[in-house]
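Chain by chain, the residues run as shown.
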Amino acid sequence: MSLSILTKKNVYKYLAKGVGITALGFIAHDSHILGKIQADTYSNVKDANITAKRYTDTMQLSNPSDTLDGMKKSVLRFEMNSNWRRFFNSAIGYLKGFTSMLVNEVIPLTLGTAALFGKDVLSKGSAIGLAGYALLTFLKDGLGLGHKNPLNK
């Protein structure tokens, strides 16, 4: 058998695998970007909440004690100057953003995985389904067909 016959026979298989890799790459990229955004947002909100709580705690005392007042102010300064909580909250926010994008894109994620790792018929069928999904997404979201947009009446 010549090389051209083998290439013609497998071109659709390699094309389906390429479509699967491309789809998974786009999904991973979007998930990473949303993860970074959520990491900042989540950690900022958590930092703001704990700082407001600690500041509010310094505004009142359960008994009139200068030592208790100093302790509460020291805890507030420690919270405002430390960044260990931000490290963990950023990781939690990143995971929340990353996984939420994977859940939002479950159809192309499934089709892309099946196109990449599936056998002949499954791989080719998933690649065709992925191409159809991409076309519908382009028509609906890219061109705005089928959307009711109250700003463009």
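Residues numbered from 1 in each chain as written. Predicted model: local features only at pLDDT ≥ 70, side-chain atom pairs only at ≥ 80, totals over all residues. Heavy atoms only, no water.

## Overview of the pattern of salt bridges
Applicable threshold: Here, a salt bridge means any side-chain nitrogen of Lys or Arg that lies within 4 Å of a carboxyl oxygen of Asp or Glu. In DSSP terms, a helix is any run of H or I states spanning at least four residues, a strand is any run of E spanning at least two, and both are numbered starting from the N terminus. Working definition: with a 1.4 Å probe on protein chains only, accessible area under 20% of the residue-type maximum means buried, over 50% means exposed, and in between means partly exposed.
On inspection of all chains with the given rule, the structure shows six salt bridges. Of the charged contacts in the structure, one is a salt bridge between Lys53 and Asp57, with a shortest N-O distance of 3.6 Å. With Lys53 and Asp57 both in helix α1 (residues 3-58) and four residues apart, this pair spans about one turn of that helix. Look at Asp57 and you get partly exposed, because its relative accessible area is 28%. Counted as one network, the salt bridges with shared partners bring together Lys53, Arg54, Asp57, Glu79 and Arg85.

## What about the layout of surface pockets?
Keep this limit in mind: Using a 1 Å grid laid over the protein atoms alone, points where a 1.4 Å probe fits but cannot get out form a cavity; open sets with protein on both sides within 12 Å along at least 5 of 7 lines form a pocket; any residue with an atom within 4 Å of a point counts as lining. Grid points are joined across faces, edges and corners, and a volume is the space filled by probe spheres set on the points. Throughout this entry, Asp, Glu, Lys and Arg are counted as charged residues, while Ala, Val, Leu, Ile, Met, Phe, Trp, Tyr, Cys and Pro are counted as nonpolar. The remaining residues, Gly among them, count as polar.
Taken as a whole, the largest pocket spans an internal volume of roughly 350 Å³. The wall of the largest pocket is formed by 15 residues, among which Glu105, Pro108, Tyr133, Ala134 and Thr137 lie closest to the centre. Those elements giving two or more residues to the lining of the largest pocket turn out to be α1 and α5 (120-142). Broken down by element, the lining of the largest pocket gets its largest block of residues, eight residues, from α5. The residue makeup of the lining of the largest pocket, split by class, is ten nonpolar, one polar and four charged.

## Comments concerning the environment of Asn149
Within the secondary structure, Asn149 sits in the segment after α5. By relative accessible area, Asn149 is classed as partly exposed at 38%. Separated by 137 residues in the primary sequence, Asn149 and Tyr12 place their C-alpha atoms 39 Å from one another.

## Regarding a nonpolar patch on the surface
Convention followed: The patch calculation keeps residues exceeding 30% relative accessible area without a salt bridge and links them within 9 Å when they carry like charges or within 5 Å when they are nonpolar (Val, Leu, Ile, Met, Phe, Trp, Tyr). The protein chains shown are the only cover counted for residues, whose accessible areas, like all others here, come from Shrake-Rupley with a 1.4 Å probe.
A contiguous nonpolar surface patch, about 590 Å² in accessible area, is contributed by Leu135, Leu136, Phe138, Leu139, Leu143 and Leu145. Tracing the sequence through the fold places Leu145 in the segment after α5.

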